[in-house]
Amino acid sequence: MTSAIQSPLQKHLENEVQTALPVDTSGPYTVTDISLAEAGEARVSWARSRMPALAALRAAAESEKPLTGQRVAGCLHVTKETAVLIETLRAAGAEVSWSGCNPLSTQDDVAAWLAREGYDIHAWYGQSTEEFYRCIDRTLELRPTLTLDDGADLIYRVHSDFPQLADGILGGTEETTTGVIRLRAMAEAGELLYPVIAVNDAATKWDFDNVHGTGQSTLDGIIRATSVLLAGKDFVVAGYGHCGRGLAARARGMGANVIVTEVDPLPALRAVMDGFRVMRMDEAATLGDIFCTATGMKDVIVGRHFDSMKDGAIVCNTGHYDCEISIPDLEKRSTDCRTIRENNEAFRMEDGRTIHLLARGRLVNLAAAEGHPSEVMDMSFANQFLALCRLASEGGGYDNRVYDISPEQDTELAALKLKTAGISIDELTPEQISYLSDFRAGT
Ligand code: NAI
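Just so we're clear, the structure is a prediction, and the values are computed from it rather than from any experiment.

**Looking at helix α10 (residues 242-253)**
Okay, so step 1: The end-to-end C-alpha distance of α10 is 17 Å, a good match for the 16 Å that 12 residues give at a rise of 1.5 Å each.
Okay, so step 2: Those residues of α10 that sit buried are H242, C243, G244, G246, L247, A248 and A251.
Okay, so step 3: Buried residues in α10 make contact with α9 (203-226), β7 (234-238), β8 (257-261) and β10 (290-293).
Okay, so step 4: G255 sits one or two positions beyond α10 and adopts a positive phi of about 95 degrees.

So, in structure tokens, the structure goes:
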């Protein structure tokens, strides 16, 4: 919470965060409760069985050890899928230290399993902002040679507080759209101290994880926090980019009447042609039963929107940071706040209406559900693994800027994913290949 005077509502939220502890610091880790490890193990084995592309890369890496001598510091949601990535990095020869990239996304049983397996893990669900950064700092004690981010908080911490570490870092990777935007801005300003690979922008990540993963898991989070019936509801999606597109399609599939808000004419037009109603948030605010922001932008839902919402409206966010919904504006207008069920806070407005805020405005799919399904994280993390291997072998030769995943890696990974799913596709014949460059061929 950011406003200077603490309201009763702020106190309510902060007390909730504090009661989510205590934290177990009895070993070389910081997790909620090491005894949760067994439950974590079961979850991780479920994820492992659904991540065949990463498993294939791991099988090769176990003998080749492409990350021998590398120390990887990671800052990414501690989920069952992330645990499979972490064990793959170790199998490839790396030492690993890890923290979560969101105060409300760590799966405590998975963190406990990682701690029991001897990983350097500092993460728990319900951290304060200060604890969040303290955990990142603990991972940097490893003096990493490679960094892995989801949102660029770790890399920014290196730049702002530990710049002396940058000389020893070959490069970093970035998992999400918001992080890539931050890093490109740093590179543009000439402030990036080491090269970064934009894993998010790979076709095998952005077009699958963000679209299918966020689409499904965001609905999962909304349903777990509300058990609301989606059929017949007016469902407002702010942002028709990758995440918004996936979410809008799935909400429609559940019978909701989807409304899209946008600031960019091209995605707005795409939404129109995909059959959605498109309008300004000022208008949508009066119509929606459920609102979900997916923009990566701040202040998408603000005071005047809360003023015109229906009684009982549900508001949540699936973008990376919790700045898309102005919680201070919501607090200013409310007289009371109480927890209705987990990740569902009811704000009573001065005029008697109630507005429900899910997961305190944090990404609802990770705070209120389990994040993306393993099948889609398989590709995202295979990309992460390949990018780190590339930095380990070639990183010294790169400039301090943001690099894309090569189209060849995208194609190879898509082929691997199809192969592991037992799906075969046709191949171009030699005649078809020459037809591609035969400008003489016509009607
Ligand atoms: P994108 O760039 O594909 O789409 C964002 C869209 O939001 C763009 O079309 C943009 O024009 C629109 N937009 C920007 N400001 C807006 C405003 N004020 N009102 C309405 N629309 C606005 O980005 P992508 O990949 O869809 O990511 C969106 C956010 O979700 C980012 O913060 C990203 O980091 C995060 N993300 C979250 C995930 C999750 O698990 N919840 C997974 C992947 C990404």
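**Some points on unusual backbone geometry**
Okay, so step 1: Even without a glycine there, the phi angle at K65 is positive, about 50 degrees.
Okay, so step 2: Among the structural elements, K65 can be located in the loop between α3 (52-64) and β1 (71-75).
Okay, so step 3: For K65, a relative accessible area of 35% gives the class partly exposed.

**Description of the site of the ligand**
Okay, so step 1: Taken together, 27 residues form the shell around the ligand, and within it T176, T177, T178, H242 and E262 come nearest.
Okay, so step 2: Between T318 and the ligand, the recorded distance is 2.8 Å, taken from a backbone N or O atom to a nitrogen atom.
Okay, so step 3: Coverage of the ligand by the protein amounts to 86% of the 860 Å² it exposes when considered alone.
Okay, so step 4: If you list the elements that add at least two residues to the shell around the ligand, you get α8 (177-188), α9, α10 and α15 (364-367).
Okay, so step 5: In terms of residues, the shell around the ligand owes the most to one element, α9, which gives 3 residues.

**A word on the side chain of N102**
Okay, so step 1: Within the secondary structure layout, N102 lies in the loop between β2 (95-99) and α5 (108-116).
Okay, so step 2: Here N102 falls in the buried class, since its relative accessible area comes to 3%.
Okay, so step 3: With near-sequence residues (within four places) excluded, N102 lies in contact with H77, F132, H320, R362 and L363.

**Quick notes on a nonpolar patch on the surface**
Okay, so step 1: Taken together, the side chains of L269, V272, M273 and V278 define a hydrophobic patch exposed on the protein surface, amounting to about 380 Å² of accessible area.
Okay, so step 2: When residues of the nonpolar patch are assigned to their parent elements, the largest contribution, 3 residues, is made by helix α11 (residues 265-273).
Okay, so step 3: With relative accessibility at 69%, the residue M273 sits in the exposed group.

**Here's the deal with the pairing of strand β14 (residues 354-358)**
Okay, so step 1: Summarising burial for β14: 5 of the 5 residues are buried, a large majority.
Okay, so step 2: Neither face of β14 is exposed, since T354, H356 and L358 on one face and I355 and L357 on the opposite face are all buried.
Okay, so step 3: Inspection of the sheet shows strand β11 (residues 313-317) paired to β14 by 3 bridges, in the parallel sense. Considered in β14, the bridge of V315 is made with L357.
Okay, so step 4: Pairing analysis gives 5 bridges linking strand β13 (residues 344-349) to β14, with the strands arranged antiparallel.

**Some remarks on the nonpolar core**
Okay, so step 1: Counting residues in hydrophobic clusters, the biggest one holds 49 residues, and the most contacted among them are L67, V78, L89, W98, L114, I121 and F385.
Okay, so step 2: Mapped onto this core, the elements with two or more residues apiece are α2 (37-48), α3, α4 (80-91), β2, α5, β4 (146-149), α16 (374-394) and α17 (407-420).
Okay, so step 3: Look past the residues within four positions of L114 in its chain and what remains in contact with it is V78, A83, I86, Y119 and I121.
Okay, so step 4: Ranked by size, the runner-up nonpolar core spans 27 residues in total, among them Y125, A225, L230 and V258.

**Structural notes on the sheet that holds β8**
Okay, so step 1: Judged by pairing direction, the sheet is mixed, and its 8 strands sit side by side in the order β9-β8-β7-β10-β11-β14-β13-β12 without closing on themselves. Unpaired on one side and paired on the other, β9 (277-278) and β12 (334-341) mark the two borders of the sheet.
Okay, so step 2: Two strands pair when backbone bridges link them, and β12 and β13 are joined in this way by 6 bridges, in the antiparallel orientation. Counterpart to C337 in the pairing with β13 is F347.
Okay, so step 3: The strands touched by α9 are β7, β10, β11, β12, β13 and β14; relative to β12, the strand with the most contacts, the crossing angle is about 100 degrees.

Conventions used here
Residues numbered from 1 in each chain as written. Predicted model: local features only at pLDDT ≥ 70, side-chain atom pairs only at ≥ 80, totals over all residues. Heavy atoms only, no water. Helix = DSSP H or I, 4+ residues; strand = E, 2+ residues; numbered from the N terminus. Expected span 1.5 Å × (residues − 1). Buried < 20%, exposed > 50% of the residue type's maximum accessible area, 1.4 Å probe, protein only. Contact = heavy atoms within 4.5 Å. Near = heavy atom within 4 Å. Polar contact = N/O pair within 3.5 Å; in protein donor to acceptor, adjacent residues only side chain to side chain. Areas by Shrake-Rupley, 256 points an atom, 1.4 Å probe, with all protein chains shown as cover. Patch = residues over 30% accessible without salt bridge, like charges linked within 9 Å, V, L, I, M, F, W, Y side chains within 5 Å. Salt bridge = Lys/Arg side-chain N within 4 Å of Asp/Glu carboxyl O. Pairing = 2+ DSSP bridges. Core = buried A, V, L, I, M, F, W, Y, C linked by side-chain atoms within 4.5 Å. Axes fitted to C-alpha atoms, helices over the stretch in contact; angles between N-to-C directions.

By themselves, these observations are geometric and do not establish any function.
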